[in-house]
Amino acid sequence: MSGWAAKRFWKDAKAVATDEGFTVELDGRLIKTPAKTLLQVPTQTLAEAIAKEWDAQGEQVDPATMPITRMANSALDKVAHQFTEVADMLAAYGDCDLLCYRAAEPESLVVRQADRWDPLLDWASDALGARLLPVSGIIHQPQDSNALNRLAGRVHLLSDFELTGFHDLVAISGSLVLAFAVTAERISADEAWEISRLDEVWQAEQWGVDEEASELAEKKRIEIVNAAWFFHASRRET
């Protein structure tokens, strides 16, 4: 990224409009991505969030504290050049969606999965026109091709920036349905994360909480919340 350095060299970061969207200036200097592309985003909301991340840096720059900048870079340097491949990869989750693979036992887990996951599969059938069926066990069982094609079509309609946020929602949760439910505001990102961890939570209730696993889970929760925010902030204001 042009201007990216271990130490802060700028005093002021601000969002500015361009002919095709918005970007961020550091003391009047335009930010570029690692691939030397102008960091141009579709909405003022995104640009202001990126400017805030840069403005919040101390004497030492910490890229780990700049998730919105990172996702914008990914949208421009990666997704924009591999859109079809990324969309196809995410759409493939529909054929092995987390919400479809159910435990055969114990009964308490079976019931909990049905209570939390069935309503979302019903929602996907009604809202997305795609009925995915739950199966018992971990052996792959193909879903209906028409349902998968409808889901894939919706993934391919996303913009480069929307697909970037959508990618993290799917990859972190393991569920295409959960990602669509978040982007449609059927559930929140926090709810999606909680639902995706149903099995892990049940295990913790039986055997106790692993502190290291809990710390990792919290990091992933923050990532999925950021991804949801990025997706919604990427939609052009009307």
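Just so it is clear, the structure is predicted and the values come from calculations on it, not from any experiment.

A closer look at helix H5 (residues 145-156)
Here's step 1: The first and last C-alpha atoms of H5 sit 16 Å apart over 12 residues, in line with the 16 Å expected at 1.5 Å per residue.
Here's step 2: Every buried residue of H5 is accounted for by Ala147, Leu148, Leu151, Ala152 and Val155. Seen from one end, H5 has its buried residues packed into an arc of 135°, which puts them on one side.
Here's step 3: In this structure, the buried side of H5 is in contact with helix H3 (83-91), helix H4 (107-128), helix H6 (160-173) and helix H7 (176-183).
Here's step 4: The N-cap residue of H5 is Asp144: its side-chain oxygen and the backbone nitrogen of Asn146 are 3.2 Å apart.

Remarks on the layout of surface pockets
Here's step 1: Its volume calculated, the largest pocket comes out at about 260 Å³.
Here's step 2: Considering the residues around the largest pocket, the lining is formed by 16 residues, among which Arg197, Glu200, Ala204, Val209 and Ser214 are closest to the centre.
Here's step 3: For the lining of the largest pocket, the secondary-structure elements that each account for two or more residues are helix H8 (189-196), helix H9 (198-207) and helix H10 (211-233).
Here's step 4: For the lining of the largest pocket, a count of residues per class yields 7 nonpolar, 3 polar and 6 charged.
Here's step 5: Of the voids in this model, the second largest pocket is the one considered here, and its volume is about 210 Å³.
Here's step 6: The wall of the second largest pocket is formed by Leu98, Ile172, Ser173, Trp193, Ser196, Arg197, Asp199, Glu200, Ala213, Leu216, Ala217 and Lys220.
Here's step 7: Sorting the residues of the lining of the second largest pocket by element identifies H6, H8, H9 and H10 as the ones contributing at least two each.
Here's step 8: The greatest single-element share of the lining of the second largest pocket, amounting to 4 residues, is contributed by H10.
Here's step 9: Residue classes in the lining of the second largest pocket are distributed as 6 nonpolar, 2 polar and 4 charged.

With respect to the environment of Lys36
Here's step 1: Note on placement: Lys36 falls in the loop between strand S3 (29-30) and helix H1 (44-55).
Here's step 2: Considering only alpha carbons, one finds Lys36 and Asp77, 41 residues apart in sequence, at a separation of 8.8 Å.

Overview of the pattern of salt bridges
Here's step 1: Counted according to the given criterion, the structure contains 9 salt bridges.
Here's step 2: Salt-bridge contacts for Asp168 lead to Arg70; the nearest nitrogen and oxygen are separated by 3.8 Å. Within this pair, whereas Asp168 is found in helix H6, its partner Arg70 is found in helix H2 (residues 67-77), the two being separated by 98 residues in sequence.
Here's step 3: Assessed through its relative accessible area of 14%, Asp168 is described here as buried.

Here we look at the packing of H6 against H7
Here's step 1: Close contact between H6 and H7 brings their axes to 8 Å; oriented N to C, the two are set at 135°. Between H6 and H7, the crossing angle belongs to the class labelled oblique. Read as a crossing pair, H6 and H7 show a hand that is right-handed. Residue-level contacts link Phe166, Leu169, Val170 and Ser173 of H6 to Leu176, Leu178, Ala179, Phe180, Val182 and Thr183 of H7.
Here's step 2: A breakdown of the residues in the contact of H6 with H7 according to their chemical character gives 8 nonpolar, 2 polar and no charged.

Notes on the pairing of strand S1 (residues 13-17)
Here's step 1: Here 5 bridges tie S1 to strand S2 (residues 22-26), and the two strands are oriented antiparallel to one another. Paired with Val16 across the strands is Thr23, a residue of S2.
Here's step 2: From the end of S1 to the start of S2, which pair antiparallel, there are 4 residues.

Notes on the sheet that holds S2
Think of a sheet as strands paired side by side through backbone hydrogen bonds, with each pair either parallel or antiparallel.
Here's step 1: Across the sheet, 3 strands lie side by side as S1-S2-S3; this open sheet has antiparallel pairing. Each edge of the open sheet carries a strand with a single partner, namely S1 and S3.
Here's step 2: Pairing of S2 with S3, which is carried by 2 bridges, proceeds in the antiparallel orientation. Looking at the pairing, Glu25 lines up with Leu30 of S3.

So, the nonpolar core
Nonpolar side chains tend to gather and get buried jointly when the protein is soluble and globular.
Here's step 1: By size, the foremost hydrophobic cluster in this structure holds 49 residues, and its most contacted members are Leu163 and Phe166.
Here's step 2: Breaking this core down by element, the ones donating at least two residues are H3, H4, H5, H6, H7, H8, H9 and H10.
Here's step 3: Ignoring any residue separated from it by four or fewer positions in sequence, one finds Leu163 in contact with Val79, Phe83, Val86, Ala87, Leu90, Val155 and Leu158.

Definitions and cut-offs
Residues numbered from 1 in each chain as written. Predicted model: local features only at pLDDT ≥ 70, side-chain atom pairs only at ≥ 80, totals over all residues. Heavy atoms only, no water. Helix = DSSP H or I, 4+ residues; strand = E, 2+ residues; numbered from the N terminus. Expected span 1.5 Å × (residues − 1). Buried < 20%, exposed > 50% of the residue type's maximum accessible area, 1.4 Å probe, protein only. Arc of directions from axis to C-beta. Contact = heavy atoms within 4.5 Å. Polar contact = N/O pair within 3.5 Å; in protein donor to acceptor, adjacent residues only side chain to side chain. 1 Å grid on protein atoms, 1.4 Å probe; cavity = no way out; pocket = protein on both sides within 12 Å on 5 of 7 lines; lining within 4 Å. Points joined across faces, edges and corners; volume = space filled by probe spheres on them. Nonpolar A, V, L, I, M, F, W, Y, C, P; charged D, E, K, R; others polar. Salt bridge = Lys/Arg side-chain N within 4 Å of Asp/Glu carboxyl O. Axes fitted to C-alpha atoms, helices over the stretch in contact; angles between N-to-C directions. Parallel < 35°, antiparallel > 145°, perpendicular 65-115°, else oblique. Left-handed = near helix turned anticlockwise from the far one by under 90°. Pairing = 2+ DSSP bridges. Core = buried A, V, L, I, M, F, W, Y, C linked by side-chain atoms within 4.5 Å.

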